[in-house]
Amino acid sequence: MDIPVFILAGLLVHFVFLVSIFDIYFSSPLVHGMTPQQTPLPPPAKRLVLFVADGLRADSLYELDGNNTSHAPYLRAILENNGSWGISHTRVPTESRPGHVALIAGFYEDVSAVAKGWKENPVEFDSVFNESKYTWSWGSPDILPMFAKGATGDHVYTFCYTAESEDFGAQDASKLDTWVFDHVKSFFNSSRSNQTLFSALNEEKVVLFMHLLGIDTNGHAHRPNSREYKENIRKVDEGVKEIASMLESFYGNDGKTAFILTSDHGMTDWGSHGAGHPSETLTPLIVWGAGVNYPQQVTSQFFEDNVLKEWKLENLKRLDVNQADIAPLMASLIGVPFPLNSVGTLPLEYLNNSAHFKAESMFTNAVQVLEQFKVKMNQKKATTLSFLFTPFKPLSDPEQINFLKKTRLYIQQQKYDEAVSLCKTLINLALEGLSYYHTYDRLFLGLSIAMGFVGWTTYVILVIVKTHTNLTKTVQSSDKESAALLYGFTFVGMMITFFLLIQTSPWTYYIYCLLPVPVWYAVMRELHVIQNLAANLWSLPISQSLGFILISILGIEILVFSFFYRATLTVGLLVFAGWPVITQLWVQAKTTTLIWTVLCALLAVFPLMPVVGREPNIPLVIAAGLLTLLISGFSLASPCKSENKYRNNEDMKVHFYQMLTIALSTYVVSNTHNSLKNKQGLPVFNQIISWTTLVSSSVLPLLSPTFLFQRLFSILLSLMATYLLLSTGYEALFPLVLSGLMFVWIHMEQEALQHYGLSLKPKLAVFNFAYATDITQFRQLHLDDIRRSFFFVFFIVTAFFGTGNIASVNSFDPASVYCFLTVFSPFMMGGLLVLKVVIPFVLVSCAFEAVQVTTQLSSKSLFLIVLVISDIMALHFFFLVKDYGSWLEIGTSISHYVLVMSLTMFMMLMNGLAQLLTTKRLDLSRRTKHHAT
């Protein structure tokens, strides 16, 4: 197989593996075609006011400050005297879009919805707004249009500020909330002179929704423990108080308004969200007004988080709910049908109403969830062969009828408590059944993907053995055998296709189930290689084979372990530091070994450091910039360079320009940080320099000479300029230490080659990348090359975790991108954060490219070993993915798998990028290149 074809096939296979987990574990739970269900009794409220304080943590709202006063005195008084309170538990991913969907539509979006964008609806769904008579909403353009778009008819109205207002570097983000409160007040004032609007506002089943984004924006910009964040909570509290009193007077204190204040998600101490940490998943919920229970006094109550004493709320009953339970609560308060896709359970303890009303509402809730179960079951039944269909036994048709009859009878006999408990059982069973049918094909799909994984890894191992070692003899297989094999696998493929066709399976199932067929066909074609390999292995001493396998397994397990505990990398690096001593390499290269040991020990410090972004440390970034300038100055002055006759004026210009970009980047980081600190926003000049540096950093290395160390140093300087702009703390020093180690690694591998007598040592000082690829005589692989590949994978993993990332969505700090932009733009910010992760990868990949060419190996052979190592890791994480347990565990398991798969795909792309960066040269002067003779 050609290299480009192989890389394309590899990328395709890995892309399928990556996407598959979302189909297998996290596909959309939505079904359509249910009948709306509504409580037959009159509701307690005519209108509902929903305040969503985006990014507000439960503890930030409920805790008291040093003087025993609340950050939100009005809301504190409400929960102590007028309403009910609790904690709303959100789910992963803790982002604004899924949070609002859970609150307003009552269901949890699949994880992949985050990737489908914030503004649009990837799927159509019903919501409380859609079921209302009128909904007026004010707030962010990222959230409001989503619910207006999904609504049928023209009764959901939105009033948004501009997207540019969402600026993390602005003077004060709380102005976003002030904008909302001011616009609501002027809207109600204008209605007094607009008869149509006035009568619409006085209708029943009206929802007023205020989305308050200031707290979230201030949390990202200044962290949740900052003065700005707490001050914003105080402003929201005052705004809620003003709106509540204005509405009471507008409606003549008719007592028909219900109020709910909650949040879509919380936020970590370092100002990010997205994963399952309690600071992200615990949000406040305060409900008061028409139809809502008053505070209930209790003598004792127990919750695992033990925060009630701290909040001084241990004597007021805390009523916890799941985030999706708020949608049925809103529907029940104003008497609209429950959203069709809602999976929430009505939290009855919040309601201040008759037992009859509660039982009827609960019955409506149960029927509405059961409707979804029935649609889901019928869908699955229609697409499964009757003899293969296994129904969900606890809710067979007779059982459903029995449940509904019994509950109706209890309500007629006024046995309301029994009716309610029966409804709760029915809801739980229906949700279990929904999950059962939703994950019906999981085992089958999981096995298909695992088969594909194992097949692909086996194939790569066979390619290595066949083309890069002397372990096998070439055997010509007969045409008959080849034809039989081809027909056999074609038949299997046709059978699978037929089986999926008659079950009308989704198109993605065809990809997952058919992928193993060509992969295993490719493996079976190399059967003679397997036989030769087996014969060779049997001829080796068993202890040697077992020892090798054990060491390989241990190495891979260490890499897997490092995803859970970053400190594992420190242990690994310390072992690396001792590697020359163990293998007696130090005898022949004492100085190189000493530098290697020191740099390994230095790099080993980074995985022990706290996660980046927790506390910005700009002086360290400036120090890293100055240190880079110092090193590049030394490299110019070093006598080694002055001897070389190949350094011409053009090369010097490029080098000086790179030094200038480093100096400018250092200045921009310092200046931008001060500007944002003084709330003066991001200076335009700084923004221009940042973007120019980013663009030029990809071109500049291509202008430098292709001599090994010159080209690698040029790549480091270019990438370092961009990296400084994206740094907020100690991680700015990481590429310097990493590159130092990479330079020494190239030397160490030369020593290792000589040590094993594999080849002569080329003179590295004048080694030229441009001619390296012309080597016709590549050597075959040696066992030591597996160690080389393992070093590379280990350095790649260190490049990710050493910079203070954790294997989680919330480890990325938005402050990293403030030199480039401060206005909220999820995809642009995401792209820059990915670039920050990629830069250390590029440095390691370029060093690996240098190791390959200087050790006289074809770049394909070592890369294939790397692919095998990373695929075994990925398979490991595939089996660790889970969708049960705490949200922290679920989020982490997805993050791990996605990271490993992305790493593998990145490494394939990096391989090509490293070759481009090291071997190609742009010659702007259009003169002949100066090369060493």
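Because the structure is predicted, anything quoted here is derived from the model rather than measured.

Per the secondary structure count, the protein chain includes 35 helices and eight strands. A total of 933 residues make up the protein chain; the buried ones form 57% of that total. Restricting to contacts in the protein chain with at least 6 residues of sequence separation, those with at least 24 account for 80%. As displayed, the protein chain has an accessible area near 38,600 Å², and 63% of this comes from carbon and sulfur atoms.

It is worth spelling out the packing of helix α18 (residues 479-502) against helix α19 (residues 507-514) at this point. For the pair α18 and α19, interaxial distance at closest approach is 10 Å and the crossing angle is 155°. Judged by the inter-axis angle, α18 sits roughly antiparallel to α19. By crossing handedness, the relation of α18 to α19 is classed as right-handed. Contact residues: α18 offers Gly493, Ile496, Thr497, Leu500 and Leu501, while α19 offers Tyr509, Tyr510, Cys513 and Leu514. Tallied by class, residues from the contact of α18 with α19 come to seven nonpolar, two polar and no charged.

Below, the discussion takes up helix α3 (residues 73-81). Three- or four-residue spacings in an α-helix give side chains the same orientation, since the helix completes a turn every 3.6 residues. Among the residues of α3, those classed as buried are Leu75, Arg76, Ile78 and Leu79. Around the axis of α3, the buried residues are gathered within 155° of arc, so they sit on the same side. Buried-residue contacts for α3 involve α2 (58-62), β2 (84-89), α10 (227-250), β6 (257-262), β7 (282-289) and α12 (308-311).

Here we take up the nonpolar core. A general tendency of soluble globular proteins is for nonpolar side chains to be buried together. With 145 residues, the main nonpolar core has Trp596, Trp745 and Phe795 as its most contacted residues. Of all the elements, helix α33 (residues 826-854) adds the most residues to this core, at 15 residues. Here Trp596 is in contact with Phe576, Ala577, Trp579, Pro580, Leu741, Val744, Trp745, Met748, Phe791 and Phe795, once residues within four sequence places are set aside. Within the second largest apolar cluster, 66 residues are counted, among which are Val207, Met330, Ala366 and Cys423.

Glancing now at a nonpolar patch on the surface. Together, Phe548, Ile549, Ile553, Leu783 and Ile786 line one region of the surface with nonpolar side chains, adding up to about 430 Å² of accessible area. In terms of residue count, the dominant contributor to the nonpolar patch is helix α22 (residues 542-564) (three residues). Residue position: Leu783 is located in helix α32 (residues 783-801).

As a further point, take the sheet that holds strand β5 (residues 206-212). Across the sheet, which stays open at both edges, the eight strands sit in the order β4-β3-β5-β1-β6-β7-β2-β8 with mixed pairing between neighbours. Strands with a single pairing partner mark the edges of an open sheet, and in this sheet they are β4 (156-160) and β8 (321-322). Relative to β7, β6 runs antiparallel, the two being bridged by five bridges. Bridge assignment links Ala258 to a residue of β7, and that residue is Gly289. Those strands touched by α3 are β2, β6 and β7, and its axis lies near 65° from that of β7.

Turning to the packing of aromatic side chains, a few remarks are in order. Per the counting criterion, the structure on display carries 52 aromatic pairs. With 6.0 Å between their ring centres and 0° between their planes, Phe389 and Tyr437 make a pair best called stacked. Taken together, the residues Phe389 in the loop between α14 (355-382) and α15 (397-412) and Tyr437 in helix α16 (residues 416-438) connect sequence positions 48 residues apart. The class for Tyr437 is buried, based on a relative accessible area of 1%. Feature note: the residues Tyr134, Trp136, Trp138, Tyr157, Phe159, Phe187, Phe188, Phe198, Phe250 and Tyr251 constitute an aromatic cluster, connected by ring pairs. Over the face of the ring belonging to Tyr251 we find Arg47, whose NZ or CZ atom lies 3.5 Å from the ring centre. A cation over a ring is seen here: Arg318 above Phe303, with NZ or CZ 3.8 Å from the ring centre.

What follows concerns unusual backbone geometry. In the Ramachandran plot, Arg223 falls in the positive-phi region, its phi being about 80° despite a non-glycine side chain. For Arg223, the location among the structural elements is in the loop between α9 (214-222) and α10. Here Arg223 falls in the buried class, since its relative accessible area comes to 10%. Phi is positive for Gln414, close to 60°, though the residue is something other than glycine. By secondary structure assignment, the location of Gln414 is in the loop between α15 and α16.

So, on to the environment of Pro518. Looking at the secondary structure, you find Pro518 in helix α20 (residues 516-525). Classification of Pro518 by relative accessible area gives partly exposed; the value is 49%. On a C-alpha basis, the gap between Pro518 and Phe489 in space is 7.7 Å, while along the polypeptide they are 29 residues apart.

Let's shift gears to the confidence of the model for the protein chain. Looking at the protein chain as a whole, the pLDDT averages 85, with 89% of positions reaching at least 70. The low-confidence segment residues 639-646 (pLDDT under 50) makes 10 contacts with residues lying over four places distant or belonging to another chain. This model gives residues 926-933 a pLDDT under 50, and the stretch forms 13 contacts once residues within four places in sequence are excluded.

Our next topic: the pattern of salt bridges. A side chain with one charge can pair with a side chain of the opposite charge if their charged atoms come near. Taken as a whole and judged by the stated rule, the model has 19 salt bridges. The shortest N-O distance in the salt bridge between Arg787 and Glu749 comes to 2.9 Å. Linking Arg787 in helix α32 with Glu749 in helix α30 (residues 734-755), this pair joins segments that are 38 residues apart in sequence. Bridged by salt links that share partners, the residues Glu749, Asp785, Arg787 and Arg788 form one connected network.

Another aspect to go through is the packing of helix α7 (residues 175-191) against α10. Direction vectors running N to C along α7 and α10 enclose 10°, while the axes themselves pass 10 Å from each other. Accordingly, the angle class assigned to the pair α7 and α10 is roughly parallel. Contact residues: Asp177, Phe181, Val184, Lys185, Phe188 and Ser191 in α7; Asn232, Lys235, Val236, Gly239, Val240, Glu242, Ile243, Met246, Leu247 and Phe250 in α10. Looking at the contact of α7 with α10 residue by residue, the class counts come to nine nonpolar, three polar and four charged.

Among the nine residues in helix α13 (residues 326-334), nine count as buried, and that is most of the element. Of all the residues in α13, the buried ones are Ile326, Ala327, Pro328, Leu329, Met330, Ala331, Ser332, Leu333 and Ile334.

What follows deals with the side chain of Ser665. Note on placement: Ser665 falls in helix α27 (residues 649-677). Beyond its immediate stretch of four places on either side in the chain, Ser665 contacts Thr693, Ala721, Leu724 and Leu725.

With that settled, consider the pairing of β7. For β7, the buried fraction is high: six of the eight residues fall into the buried class. The sheet contact formed by β2 and β7 spans six bridges and is antiparallel. Bridge assignment links Trp85 to a residue of β7, and that residue is Ile286.

Calculation rules
- Residues numbered from 1 in each chain as written.
- Predicted model: local features only at pLDDT ≥ 70, side-chain atom pairs only at ≥ 80, totals over all residues.
- Heavy atoms only, no water.
- Helix = DSSP H or I, 4+ residues; strand = E, 2+ residues; numbered from the N terminus.
- Buried < 20%, exposed > 50% of the residue type's maximum accessible area, 1.4 Å probe, protein only.
- Contact = heavy atoms within 4.5 Å.
- Areas by Shrake-Rupley, 256 points an atom, 1.4 Å probe, with all protein chains shown as cover.
- Axes fitted to C-alpha atoms, helices over the stretch in contact; angles between N-to-C directions.
- Parallel < 35°, antiparallel > 145°, perpendicular 65-115°, else oblique.
- Left-handed = near helix turned anticlockwise from the far one by under 90°.
- Nonpolar A, V, L, I, M, F, W, Y, C, P; charged D, E, K, R; others polar.
- Arc of directions from axis to C-beta.
- Core = buried A, V, L, I, M, F, W, Y, C linked by side-chain atoms within 4.5 Å.
- Patch = residues over 30% accessible without salt bridge, like charges linked within 9 Å, V, L, I, M, F, W, Y side chains within 5 Å.
- Salt bridge = Lys/Arg side-chain N within 4 Å of Asp/Glu carboxyl O.
- Pairing = 2+ DSSP bridges.
- Phe/Tyr/Trp six-rings, centres within 6.5 Å; stacked < 30°, edge-to-face > 60°.
- Lys NZ or Arg CZ within 6 Å of the ring centre and 35° of its normal.
- pLDDT = per-residue confidence, 0-100.

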